[in-house]
Amino acid sequence: MKSAALLFLALLTCSLNAAEVFEAALGHEKDLPGGKEADGIRGDFVLRSDKVEAVISQNVANRRANMSTFYGEDGVTPGCLYDLTLRGAANDQLVVYGPCGHGPVSYVKIANVKEEGGAAVESVTTAAKNSGVFKRHEYRVKDGVQGIFITTVLRNETAQPQKTFTKSDFTRFESNGTTNDGIFWVDAINPAHKGAYALGTLNVTGIEKLEDTIELQPKQEVVISRFFAVGTSPAQAVGVVRAVKGGKLGTVNGRITDANGKSVTTATIQVSDGKKTVPGYVDESGAFSFTLPHGPTQFVIDDIGRAQATLSFTVTEGTVSLPKVALAAASRMRFDISDEAGKSIPCKAHFTPLDKDAPKLNLGPKHRAHGCVDQYHSEKGQFSVQLPPGKYRVVVVRGPEFSHLAKEVLIEPAREFVFKGTLKRLVDTKGWISADFHNHSTPSGDNVCDTDGRVINIAVEHLEFAPTTEHNRLYDWEPTIKALGLEAFIKTVKGMELTGSRQHFNAFPFEPDPLKQDGGAPVWNDDPRITALTLRRWQGERADRWIQFNHPDLSNMFVDRDSDGIADGGFVGVGGMIDGSEAENGPGTDILADSPFKVSRPAGALAMKVSSCREFIWRQLLNQGHRLVAVGVADAHSVYGNGVGCWRCYLPSSTDEPAKIDWAELSPHAKAGHMILTTGPFLEVTTQNGKIAGDDDRAIGGIDLKVRVQCTDWMDIDRVQVLVNSRPDPKLNFTRKTHPQMFKEGVVKFDQKIKVPLQHDAHLIVVAMHETAGQETCYGTSDYAKMRPCAYNNPIYVDADGNGFKPNYDTLGFDIPAGRQTADKVRPLLSKAGLMEDELKPAVPAAEAKKP
């Protein structure tokens, strides 16, 4: 009886895991594989065996894994391999694999498979739709095999020779290689995810040599058989391909521990492959298993903070169990960081090696939080970082409102250094919250940043409100925020960035449907007015819907709609269809620029390059009556380098607790322009009547501005400049050098009442900045360290005659530029304004210069 029960259980388990294929619909949507790059939606095809699960994309309009898989009308990817992970692992790392490229297909359907233990999907492009070449891909799984068999048939069905492509699309990875026996491998962007793939060609018939482009004679047919493996590391995946291809192979098993027998789970094993190596990883017990060719080989075992170990041995038939490898204890730094109440808080640490000739620190790729280049971003104050032994300067920070901690420490071999400290909240921002309306992670497609890495990055830079704004996909970061335990630190709303070849838009809130293409997002239109109207009405109009221009080409929007260099009025009316416009995107601080142009010569280039100065053109447009609410954002696409924190906004809030933030309450403030843009300094500007940024006020003869600037202990300002109708007033320019009595040394750097004389209506902007200092304490070796402390308010509009505010139409000495600006056009304009020597003017000979 017991034997019968066991047999039944075994058969049941076998049937549950048997190879199968189905459409992800009618309740099967829950069976779509998960993972960092999982992109399956309702109607896609799921292939499963007892070893793997995969998604083959369906044939519907605009089917793409994400915005940036491929661009253009033919950038669609139906009938491609979208997701592949070990069964039940929810660890997909693949964006897309397209055998012989991508593009429209005729149909995708479940293939008729008679092989027991197998299941398949086929994608067919008929000759009529493919320039005379019939193309069929079959994706097949088999029980017991850790991957997918892919068979491609290419056949010329015309009476003439036809060229066709055989090169595959395989995206998106940064670590890859090819073994000596021709197997291509890729590693996960974040190696800690322990997901990798390997691809090998099994057989080619119908042609002598397979190249990226081949010419097929009439009726000629070529069949390409490939195997696509998934593994926990490149070395493991390569071994799976080798096992399918056959040959003299052996299996090598082992385990890595420390000297006390505790599993080491972070080690990398470089497996020799001739003169190259292929990386392998251990599992959570420190164990590894690789299939390798017969013969002598070598493992080099690395783990940051531990001495390297080497194993040399010979692979033979069968299974070889290596002796347990015991590594020395790791040298590490353990952090215990809290706020003034003793509570753990998100923070980041960055490390500068101080030993002479010390190599650059590499804790991992820039796209993740837990170890990115020479930084570590943590969602909590208790964390450990393994480091090579040596002397370091260590800095711990949490955005521009908190103090910093800095120490020079010695990390001894096999020892732990405890770094304990308190980050104090120095800057008083009560009644205001910090926000960044524009950031990205891997669902956007144009980057590979971990979504949890993005959220942690937001938390450590102390951004309290951050809407979800992935490219061309309605998405929600809230589940990630909750999984990381960061609900008390970050509030988000669901939204998107709608992107095309010209003007991009951010918009929120929306409700995503993750089982639809792009989460149910609308499609971009080249006319920004149509896009703005579409976003306004999508899923029904709502009062708190926010729509903003992202990194706008203001000349294109308001002056020259076809960018042909001839002013035509731009897209008339578009300014009234948006709520805000990014004046700051990335680390620049050009709010006080003298012209709408920047002329530079890129390194190694002969020609001069002209770029527009968005801040200057924004100031010009303000004077034309365009009340464009300025927004400052990071537009982050990685964690280190292009992370969050460079620009942010402060806006009024009834709560200082992020968990209680309500966008419906914030939205009217944002739309009214009640926002301060800053790279760090907290600027407050209030009129004598209590009006703030974005407000209208009335004053005869002049107005008093109450200006207060606070900075944390690693930041300072040395200039406060008032702009009157976008022009810096030299009488309202205050510096530490010229007005030392107005500046202070504590957290409050400036706290003064400034009298602004006015004879006419004027909008007022106050700029507080440091003209030379950077932000190395916060950003370390990142390019953001070069960014100057800078803050300014959205304009306050002052009616000086009681007849209502009227713009003055001053263009600040330059026409508002049209498109197609060149160095030859721009240099004379800059020369005339006294901002650049006229390089076009020939030099006057000395003899002639002396003539009367």
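Sequence order as written defines the numbering, with residues in each chain counted from 1. Totals for whole chains, interfaces and linings use all residues, but because this is a predicted model, local features are given only for residues with pLDDT of at least 70 and pairs of side-chain atoms are given and counted only at 80 or more. Excluding hydrogens and water, the side-chain values take into account all heavy atoms of the structure.

Chemist: Hey, could you run me through the overall build of the chain in this one?
Modeler: The helix and strand tally for the chain stands at 11 helices and 50 strands. Once the C-alpha set of the chain is aligned to its principal axes, its extents read approximately 100 × 75 × 70 Å. Only protein chains enter the accessibility calculation, which uses a 1.4 Å probe; a residue is then buried when its area is under 20% of its type maximum, exposed when over 50%, and partly exposed in between. Expressed as a percentage of the 852 residues in the chain, the buried residues total 55%. Within the chain, contacts between residues at least 6 apart in sequence are counted, and of these 68% link residues at least 24 apart. Working definition of accessibility: Shrake-Rupley area with a 1.4 Å probe, residue cover restricted to the visible protein chains. In the structure as shown, the chain presents an accessible area of about 35,500 Å², 51% of it carried by carbon and sulfur atoms. When the 96 basic and 105 acidic side-chain charges of the chain are each reduced to a single mean position, those positions are 2 Å apart. Helix and strand labels come from DSSP, where a helix needs a run of H or I of at least four residues and a strand needs a run of E of at least two; each type is numbered from the N terminus. Contacts: residue pairs with any heavy atoms within 4.5 Å of one another. Charged-residue counts in this description rest on Lys and Arg as positive and Asp and Glu as negative, His and the chain ends being excluded. Where a charge lies is defined by one atom per residue type, namely NZ (Lys), CZ (Arg), CG (Asp) and CD (Glu).

Chemist: Looking at this model, I keep getting lost on the pattern of salt bridges. Mind explaining?
Modeler: Pairing is possible between side chains of opposite charge, provided their charged atoms come close. The term salt bridge refers to a side-chain nitrogen of Lys or Arg lying within 4 Å of a carboxyl oxygen of Asp or Glu. Inspection of every chain in the model, using the stated rule, returns 47 salt bridges. The closest approach of N and O atoms between Asp 31 and Arg 48, which form a salt bridge, is 3.8 Å. Within this pair, whereas Asp 31 is found in the loop between β1 (20-23) and β2 (45-48), its partner Arg 48 is found in strand β2, the two being separated by 17 residues in sequence. Its relative accessible area of 12% is what places Arg 48 among the buried residues.

Chemist: Mind showing me how you'd approach the sheet that holds strand β35 (residues 546-550) here?
Modeler: Strand pairing within a sheet occurs via backbone hydrogen bonds; the two strands may be parallel or antiparallel. Two strands are said to pair when DSSP picks up at least two bridges between them. If you trace the five strands from one edge of the open sheet to the other, you get β33-β34-β35-β36-β39, paired in mixed fashion. Edge positions in the open sheet fall to β33 (496-498) and β39 (630-633), since each of these has one partner strand only. On average, each strand axis in the sheet is inclined to that of its neighbour by 35 degrees, with strand direction left out of account. Every axis corresponds to a line fitted to the C-alpha atoms, with the helix fit spanning only the stretch in contact, and the corresponding angles, defined between N-to-C directions, vary from 0 to 180 degrees. Contacting β33, β34 (504-508) and β35, helix α5 (residues 528-537) crosses the sheet at an angle of about 10 degrees to β34. This element, helix α7 (residues 614-623), spans β36 (580-585) and β39 of the sheet and lies at about 145 degrees to β36.

Chemist: What is the right way to read unusual backbone geometry from this model?
Modeler: Following Thr 171, the chain continues to Arg 172 via a peptide bond in cis, the omega torsion being 5 degrees. Here Arg 172 lies in the loop between β11 (169-171) and β12 (175-178). The step from Phe 508 to Pro 509 runs through a cis peptide bond, and the omega angle for that step is 0 degrees. By the secondary structure assignment, Pro 509 is in the loop between β34 and α5. In this model, Asn 62 sits at a positive phi of 65 degrees, which is unusual for a non-glycine residue. Turning to its location among the elements, Asn 62 is positioned in the loop between β3 (52-56) and β4 (81-86). Residue classification places Asn 62 among the partly exposed positions, given a relative accessible area of 32%. With phi around 55 degrees, Asp 635 is a residue other than glycine that occupies positive phi space.

Chemist: Would you mind showing me how to read the sheet that holds strand β6 (residues 107-110) here?
Modeler: The strand order β6-β7-β8-β9-β16-β14-β13-β12 describes an open sheet built from eight strands, whose pairing is antiparallel. At either end of the open sheet lies a strand with only one pairing partner, and these are β6 and β12. For this sheet, the mean inter-axis angle between neighbouring strands, taken without regard to orientation, is 15 degrees. By the bridge criterion, nine bridges tie strand β14 (residues 196-205) to strand β16 (residues 221-231) in an arrangement that is antiparallel. Looking across to β16, one finds that Thr 205 is bridged to Val 223. With respect to the sheet, helix α2 (residues 234-245) is in contact with β9 (147-156), β13 (184-187), β14 and β16, its orientation differing from that of β14 by roughly 25 degrees.

Chemist: Teacher, can you tell me more about α2 here?
Modeler: Between the first and last residue of a helix there are one fewer steps than residues, each counted as 1.5 Å, and that sum is the expected span. Helix length check: α2, at 12 residues, gives a terminal C-alpha distance of 17 Å against a target of 16 Å (1.5 Å per residue), a fit within 8%. Backbone geometry just downstream of α2 places Gly 246 in the positive-phi region, at approximately 90 degrees.

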